[in-house]
Amino acid sequence: IADTGNQYNFSVRESSSKLGTCSIFQNLQVEISDDFQSGDPSWNSINSNFFKSLLYDAYGSSILTTSNDNAIRVFPSTNDATLAEKVCVKAGSSIYDAQWFPAVGGFFAFASKRQPIKMCNAETGERVAKYISINKGDALVSPRALAFHCQGESLYAAYEGSYSIFSLAREGTATSVHPTTPSRASREGQKGILSTISFNPDMSGLFAIGSFNGSIGLYDANDQSLIYTLHATGGSIGGGNSKGVTQLQFSPSGMYLMSACRRDSQITCWDIRNTSQILWSVRRPLRNCQRLWFDIDPTERFLVSGDQDGNVRVYNLLDIRENIDRELVQFSAHNDAVAAARFHPYLPVMATCSGQRHYNRSGTMDDTDSDDESLGFDNSIRLWEFSDSKISASKGA
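These numbers come from a predicted model, not from an experiment.

**With respect to the nonpolar core**
Counting 16 residues, the largest nonpolar core has L54, I63, F75, C353, I381 and L383 as the members making the most contacts within it. Only β2 (51-56), β27 (338-343), β28 (349-354) and β29 (381-385) provide two or more residues apiece to this core. With sequence-adjacent residues up to four places away left out, F75 is seen in contact with T4, Y8, F51, S61, S62, I63, T65, L83, A84, E85 and I381.

Written out as structure tokens, the structure reads:
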């Protein structure tokens, strides 16, 4: 339907110069870290820029993206042939996560390295609130994952060995901090860097937190208690038995939980009514630590994910409890790794974004030094028409 073309096919260094002359960037007066000003390897190196994540807002009117040039961009969801950004916010350091505010459209929050959590206006890019977390040594700590409570009353932020809750009624420090393990030496609870948070859409207060140590904790937001711990183990690249969890998402019905892990090709479906049971797994090519974001359509009929070969894969979620071949179709979407695939909240439209790190040892941008020499340099967003007839036609072909 629409795409960004090649307007973002440039290096991180080139992106920094473009952002520095952008009128939006100059007017924002965002806080720039010392790393950005002098010496962060991600800015001084010649590695390519690429989109890291993509997310529709609750109304499907805007698309929020993060990228390797440490910028958060907002694009209008449009039928125009060319997508053009309407807002660009510079984070100043590596972006860990960015999420739309669910209750009222037009606001998003993001977390970046050694920076406070910031909430911004999606129409102007201006910061409207800042949330700060301080550790026991009075040092600023940054969360690895964010999630808004389903009712839009608070913001959850995940750290190493704990998560904090920030009231949206005021900015500043957290209203409460909840350790996920009694102590560093303890074997109880959930340990490691907490890397992703997902709330159950059934409004029960159930939410899941994934950790880089391979555990998935199910919590009750009513009393912040740990209900159950799942373990995503086995099958990781390199022969390890534990996989760092990179994404969790509940199904729209709230009865199933999907998980994906670092350096692992599987997306796993858990039955949370029988929490120790893995119903099935589907596979997508993944050969490094890049996060590839999947999504479930609002009707709970399809699961979609990109892969590192530039393809988008669509899986069947009907008969979800049956152990069947679930892949319906795959198609070539980008000439690079597909970093994220997301469904529109109510229209038959899907958005994808692409890119990965491409290094050139000689000092200039070159596709041949990418992780996969069969792929080119494609850093773009594309919108696709998504319907049963399109899937049937592609499957038949």
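**Let's talk about the sheet that holds strand β7 (residues 107-112)**
In sheet architecture, strand pairing relies on hydrogen bonds along the backbone and comes in two forms, parallel and antiparallel. Spatially, the five strands line up as an open sheet ordered β6-β7-β8-β9-β13, and their pairing is mixed. The sheet is open, and its two borders are formed by β6 (95-100) and β13 (172-173), each paired with just one other strand. In the sheet, strand β9 (residues 127-132) pairs with β13 via two bridges, with the strands oriented parallel. The residue bridging Y131 from the neighbouring strand is G172, located in β13.

**Concerning the pairing of strand β17 (residues 215-220)**
Across the six residues of β17, six count as buried, placing the element largely inside the fold. Sheet analysis places strand β16 (residues 206-211) next to β17, joined by five bridges and oriented antiparallel. Directly across from A208, in β17, lies its bridge partner L218. In this antiparallel pair of consecutive strands, β16 and β17, the connection spans three residues, and G214 shows a positive phi of 95°. As judged from the six bridges shared by β17 and strand β18 (residues 225-231), these two strands associate in the antiparallel manner. The residue of β18 that forms the bridge with G217 is T229. Hairpin connection, β17 to β18: the antiparallel pair is bridged by four residues, and Q224 has positive phi, about 60°.

**With respect to the pattern of salt bridges**
Pairing between side chains becomes possible if they bear opposite charge and their charged atoms approach one another. For the structure on display, the rule yields 10 salt bridges. For D295, the salt bridge identified is with R342, shortest N-O distance 3.9 Å. Remark: R342 occurs in strand β27 and D295 occurs in strand β23 (residues 294-296); sequence separation between them is 47 residues. Comparing D295 with R342, the two get one shared label, buried. Between E327 and R313 there is a salt bridge, and its shortest N-O distance comes to 3.2 Å. With E327 in strand β26 (residues 327-332) and R313 in strand β25 (residues 311-316), this residue pair connects regions lying 14 residues apart in the sequence. Given a relative accessible area of 26%, E327 falls into the partly exposed group. What you see here is one network of salt bridges that share partners, running through D3, D378 and R382.

**Topic: the pairing of β16**
Among the six residues of β16, six are classified as buried, and the element is accordingly described as predominantly covered. Residues L206, A208 and G210 line one face of β16 and the alternating positions F207, I209 and S211 line the opposite face, and both faces are buried. As defined by bridge partners, strand β15 (residues 194-199) adjoins β16 across five bridges and the pair is classed as antiparallel. If you follow L194 over to β16, its bridge partner there is S211. Hairpin connection, β15 to β16: the antiparallel pair is bridged by six residues, and M203 has positive phi, about 65°.

**Overview of the environment of G214**
Along the polypeptide, G214 turns up in the loop between β16 and β17. Its relative accessible area of 3% is what places G214 among the buried residues.

Criteria and cut-off values
Residues numbered from 1 in each chain as written. Predicted model: local features only at pLDDT ≥ 70, side-chain atom pairs only at ≥ 80, totals over all residues. Heavy atoms only, no water. Core = buried A, V, L, I, M, F, W, Y, C linked by side-chain atoms within 4.5 Å. Buried < 20%, exposed > 50% of the residue type's maximum accessible area, 1.4 Å probe, protein only. Helix = DSSP H or I, 4+ residues; strand = E, 2+ residues; numbered from the N terminus. Contact = heavy atoms within 4.5 Å. Pairing = 2+ DSSP bridges. Salt bridge = Lys/Arg side-chain N within 4 Å of Asp/Glu carboxyl O.

In short, the description is geometric, and any link to function would need to be established separately.
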